[in-house]
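# Structural overview
Chain residues, written in single-letter form:
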Amino acid sequence: MALESKKGSSTTDPIWSHCSRVNDNKMNLRYERAQGDLNLGEKRKNMNAFITKDKGIKQQTLNAMVKKKEPVIQSICRFLYGHALPFVLVKSPLFSSMLDTVGEYGRGLKPPSYHEARVTYLKKEVESVNSMLEKYKKEWKKTGCTLMSDRWTDKKSRSLTNFLVNSPSETVFLKSIDTFVVIKDAQKLFEMFDGLVEEIGQENVVQVVTDSASAYVKAGNLLMEKRKKLFWSPCAAHCIDNILEDIGELLMFKDTINKPREVCVYIYRHAWVLSMFRKFYGKKELKRAGVTRFAISFFTLKSFKENKLPLRAMFALEDWAKSQYVSKPEAKRVGTIMLSDVRFWKSVKYCLKCVSSIVKVLRLVDGDAKPAMWYIYEAMDRAKEQIANNFN
């Protein structure tokens, strides 16, 4: 039996004439369309009008949904901008997990208080991490592990050392210690490493890896004397970096490295020169030599070689020749290096032929993708062969 349209409705919906109730239930309907009886064209519009007018419900368009999303995304981005947080945070799986959890909770979620974030949930997270470590500790007992140290200096010039434990499955962060006081004391370093080995378990630690500074070498030897089943090894990346440091101390290399450093310092210390450099050079920046990583010096040389023409052209500009800086001694020296010192550019090319292969090995062993032990010797042999080939 066909149904009549809703009483009191001014719009007649054509679909009702093709529906019938199932078991006299108003909520269960069966659609019985006769062949060619219903034209789903203009009549469909009447049906949509009937539903939306009487029910007061309007279907959302895609644009409307996007417009509602924009203020949410803008609010998230404003939080990143307001606290100068790195943009790479949006790629973190923890960031996505947080948004998923908030979305599942729905409206009415109150953010954690200062005390909850600083104390309550911090303690819970520490307990959670410690419980996660238990599964790794079980693996350490089966396969053994390597204790690794990574020394670095923060913005307050504090010497901090991160300690990590490596096993076949994964590398796990253990703790971070301020080693400023003990960094040059072999005995205290030995006591610190001995305590860490005891914490992990003497029977679990197979190897200890540190940098090759003299105090660490002595501490490693003391550790091997006490722990007979343990081996100390210097960090491959630190050893190669020391090789580059020794090469950089050679007279020809030292002079060639110092000149680009002098040019970089001059450009980045003078706002007008830096502004002209960026207008002329685009969005790129020169790689400036660092204090702690000697390999950075050779990256600076490579940057100068790749951008030889733009650098020389900048110092040959009429704007530079008419500027107030050109008459000063520092500017004259920098201009001479860039435009008149032909030997400098030949020296840059020569230095890169010597060290580019070694720098490639350093980048291999200094990465976190895979352990370097099984290919470090082969990589060094290939680097030596490449250096020989560079000079025929």
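Now for a quick tour of the structure. (Residues numbered from 1 in each chain as written. Predicted model: local features only at pLDDT ≥ 70, side-chain atom pairs only at ≥ 80, totals over all residues. Heavy atoms only, no water.)

### Describing the pairing of strand E6 (residues 205–210)
This is how it is decided: The classification of residues rests on relative accessible area computed with a 1.4 Å probe and restricted to protein chains. Under 20% of the type maximum is buried, over 50% is exposed, and intermediate values are partly exposed. Labels follow the DSSP assignment, with helices taken as runs of H or I lasting at least four residues and strands as runs of E lasting at least two, numbered in each case from the N terminus. Paired strands are those between which DSSP finds at least two bridges. If the strands point away from the viewer and the path from the first strand over the helix to the second runs clockwise, then the crossover is right-handed.
Burial within E6 is extensive, with 5 of its 6 residues counted as buried. The pairing of strand E3 (residues 145–153) with E6 spans 4 bridges and is classified as parallel. When the sheet's bridge partners are listed, methionine 148 is paired in E6 with valine 209. In this sheet, strand E7 (residues 231–234) lies alongside E6 in parallel orientation, the contact comprising 4 bridges. Across the sheet, the residue bridging to glutamine 207 is phenylalanine 231, located in E7. In this region the chain leaves E6, passes through helix H6 (residues 214–226) and returns to the parallel neighbour E7; the handedness of that crossover is right-handed.

### Some thoughts on the side chain of arginine 227
Filter applied, for reference: Polar contacts here mean pairs of N or O atoms no more than 3.5 Å apart (in protein, one a potential hydrogen donor and the other a potential acceptor; neighbouring residues in sequence count only if both atoms are side-chain atoms). Two residues form a contact once any of their heavy atoms are found within 4.5 Å.
Mapping arginine 227 onto the fold places it in the loop between H6 and E7. Of the polar contacts made by the side chain of arginine 227, one reaches the side chain of glutamate 198; its length is 2.9 Å. Discounting chain neighbours no more than four positions away, the residues touching arginine 227 are Asp194, Val197, Glu198 and Gln202.

### Re the sheet that holds E6
Stated formally: To get an axis, fit a line to the C-alpha atoms, keeping to the stretch in contact for a helix; angles then go from 0 to 180 degrees between the N-to-C directions.
Taking strand neighbours across the sheet as the criterion, the 5 strands line up as E5-E4-E3-E6-E7 in an open arrangement whose pairing is mixed. Edge positions in the open sheet fall to strand E5 (171–178) and E7, since each of these has one partner strand only. Strand-to-strand twist in this sheet, taken as the mean axis angle between neighbours without regard to direction, amounts to 20°.

### Looking at a positive patch on the surface
Let me state the cut-off plainly: Patch definition: residues with relative accessible area over 30% and no salt bridge; like charges joined within 9 Å; nonpolar side chains (Val, Leu, Ile, Met, Phe, Trp, Tyr) joined within 5 Å. Only the protein chains shown count as cover for residues, and all accessible areas are computed by the Shrake-Rupley method using a 1.4 Å probe. A pair is scored as a salt bridge if a Lys or Arg side-chain nitrogen falls within 4 Å of a carboxyl oxygen belonging to Asp or Glu. Positive charges are assigned to Lys and Arg, negative charges to Asp and Glu, while His and the chain termini are left out of the count. Charged groups are reduced to one reference atom each: NZ for lysine, CZ for arginine, CG for aspartic acid, CD for glutamic acid.
On the surface, a cluster of positive charge is made up of Lys302, Lys305, Lys308, Lys349, Lys353, Lys360 and Arg363. Mapped onto the positive patch, the elements with two or more residues apiece are helix H10 (295–306) and helix H14 (342–365). The element that contributes the greatest number of residues to the positive patch is H14, accounting for 4 residues. Mapped onto the fold, lysine 353 is located in helix H14. With relative accessibility at 31%, the residue lysine 353 sits in the partly exposed group.

### Focus: the pattern of salt bridges
Applying the stated criterion to the full structure yields 12 salt bridges. Of the charged contacts in the structure, one is a salt bridge between glutamate 134 and lysine 137, with a shortest N-O distance of 3.9 Å. Here lysine 137 and glutamate 134 lie together in helix H4 (residues 114–143), a separation of 3 residues that amounts to about one turn. Look at glutamate 134 and you get partly exposed, because its relative accessible area is 39%. Under the relative-accessibility criterion, lysine 137 is labelled partly exposed at 35%. The shortest N-O distance in the salt bridge between lysine 254 and glutamate 249 comes to 3.8 Å.

### A few points about helix H8 (residues 251–269)
For the record, the criterion: A helix is expected to span 1.5 Å multiplied by its residue count minus one.
End to end, H8 covers 27 Å across 19 residues, agreeing with the expected 27 Å (1.5 Å per residue, within 8%). For H8, every residue scored as buried is listed here: Phe253, Thr256, Ile257, Lys259, Pro260, Val263, Cys264, Tyr266, Ile267 and Tyr268.

### Thoughts on the nonpolar core
Selection rule: Put simply, buried Ala, Val, Leu, Ile, Met, Phe, Trp, Tyr and Cys residues joined by side-chain atoms within 4.5 Å make one nonpolar core.
In terms of nonpolar packing, the biggest core is built from 47 residues, with Ile267, Phe277, Leu286, Phe298, Phe304 and Met338 touching the most fellow members. At the level of secondary structure, the elements contributing two or more residues to this core comprise helix H7 (236–248), H8, helix H9 (271–281), H10, helix H11 (308–315), helix H13 (329–339), H14 and helix H15 (376–390). Among the elements that take part in this core, H14 stands out by supplying 12 residues, more than any other. By size, the runner-up hydrophobic cluster in this structure holds 25 residues, among which are Trp140, Leu147, Val197 and Ile200.

Nothing here speaks to function; it is geometry throughout.
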